[in-house]
Amino acid sequence: MPKSMSAGDYRTKCTIQRATDSVNDIQEPVLTWNTHATRYCRLVPSNGFEFQQAMQTTGNLRGIIRMRSDSVTRGIKCKDRIVIGTDTYNIEAVYDETAHRKEMVIWFRSQDE
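Sequence order sets the numbering: in each chain, residues are counted from 1 along the sequence as written. Local features in a predicted model are, by the rule used here, given only for residues with pLDDT of at least 70; side-chain atom pairs are given and counted only at 80 or more, and totals for whole chains, interfaces and linings are based on all residues. The side-chain values count all of the structure's non-hydrogen atoms but skip hydrogen atoms and water molecules.

This next bit is on the nonpolar core. Within the largest apolar cluster, 14 residues are counted, with the highest numbers of intra-cluster contacts made by C14, I65, M67, I82, I84 and I106. Residues count as neighbours in contact if any of their non-hydrogen atoms are within 4.5 Å of one another. Contact partners of I84, with chain neighbours within four places excluded, come to T12, K13, C14, C41, L43, I65 and Y89. Grouping buried Ala, Val, Leu, Ile, Met, Phe, Trp, Tyr and Cys residues that are joined through side-chain atoms within 4.5 Å yields what is termed a nonpolar core. The classification of residues rests on relative accessible area computed with a 1.4 Å probe and restricted to protein chains. Under 20% of the type maximum is buried, over 50% is exposed, and intermediate values are partly exposed.

Right, here's the structure in full:
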């Protein structure tokens, strides 16, 4: 049986962004990210490492983000992304862990990857 959720579990402010396709002044395609929703969540990193690429150290982080389920969070897609502070995370999977519409689980990887 899953542990019950308390308000203190969700302390981190997450911004869910959704991309919009448009064109610029010279008709080139441009991807624009807009805020879809802002929710409080819990960030649970599962692993991370640094590696050298083209003489630069690049970080890599994977893990899960948990947030309360509502009509907006149930609509999060893998094409969306999550911003926490100055860090941006690409969404790999989204699901309702208990299937009771209580908590959404979002698997992520850092945008640097």
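And the narrative resumes.
Any pair of cysteine sulfurs within 2.5 Å is marked as a disulfide. Enumeration over the complete set of coordinates arrives at one disulfide. Paired by a disulfide, C14 and C41 hold their sulfur atoms 1.7 Å apart. You can see C14 sitting in strand β1 (residues 12–23) and its partner C41 sitting in strand β2 (residues 29–53), a full 27 residues away along the chain. Here C14 matches C41 in class, with each residue buried. Elements are defined by DSSP. Helices are runs of H or I of four residues or more, strands are runs of E of two residues or more, and each kind is numbered from the N terminus.

A few words now on the confidence of the model for the protein. pLDDT: the predictor's confidence for each residue, scored from 0 to 100. Of the residues in the protein, 79% reach a pLDDT of 70 or more, and the chain-wide mean stands at 81. Note on residues 49–58: pLDDT under 50 across the span, and 13 contacts to partners over four residues away in sequence or across chains.

Glancing now at the environment of P45. Relative to the elements of secondary structure, P45 occurs in strand β2. For P45, a relative accessible area of 48% gives the class partly exposed. The spatial distance from the C-alpha of P45 to the C-alpha of R109 is 9.4 Å, given a sequence separation of 64 residues. What P45 contacts, discounting residues up to four positions off in sequence, is L61, R62 and G63.

The next subject is the side chain of S69. Along the polypeptide, S69 turns up in the loop between β3 (56–68) and β4 (81–84). Residues adjacent in sequence count toward polar contacts only when both atoms are side-chain atoms; beyond that, a polar contact is any pair of N or O atoms within 3.5 Å, and within protein one must be able to donate a hydrogen and the other to accept it. Among the polar contacts listed, one links the side chain of S69 to the side chain of R74, at a separation of 2.9 Å. When sequence neighbours within four positions are dropped, the list of residues in contact with S69 reads R74, R101, K102, E103 and M104.

What makes a salt bridge here is a side-chain nitrogen of Lys or Arg within 4 Å of a carboxyl oxygen of Asp or Glu, nothing more. Per the counting criterion, the structure on display carries six salt bridges. We note a salt bridge from E103 to R42, for which the minimum N-O separation is 4.0 Å. Taken as a pair, E103 in strand β6 (residues 103–110) and R42 in strand β2 lie far apart in primary sequence, 61 residues in all. Taking the relative accessible area as the measure of exposure, E103 reaches 9% and is therefore buried. Overall, R42 belongs to the partly exposed group, its relative accessible area being 28%. E92 is the salt-bridge partner of R109, the closest N and O atoms lying 3.2 Å from each other.

Below, the discussion takes up the pairing of β6. Of all eight residues making up β6, six are buried, and the element is well covered by its neighbours. As defined by bridge partners, strand β5 (residues 87–96) adjoins β6 across seven bridges and the pair is classed as antiparallel. Across the sheet, I91 pairs through a bridge with F108, a residue of β6. With antiparallel pairing between neighbouring strands as the criterion, β5 and β6 make up a hairpin whose turn holds six residues, including A99 at a positive phi of roughly 60 degrees. Strand pairing is assigned whenever DSSP detects at least two bridges linking the two strands.

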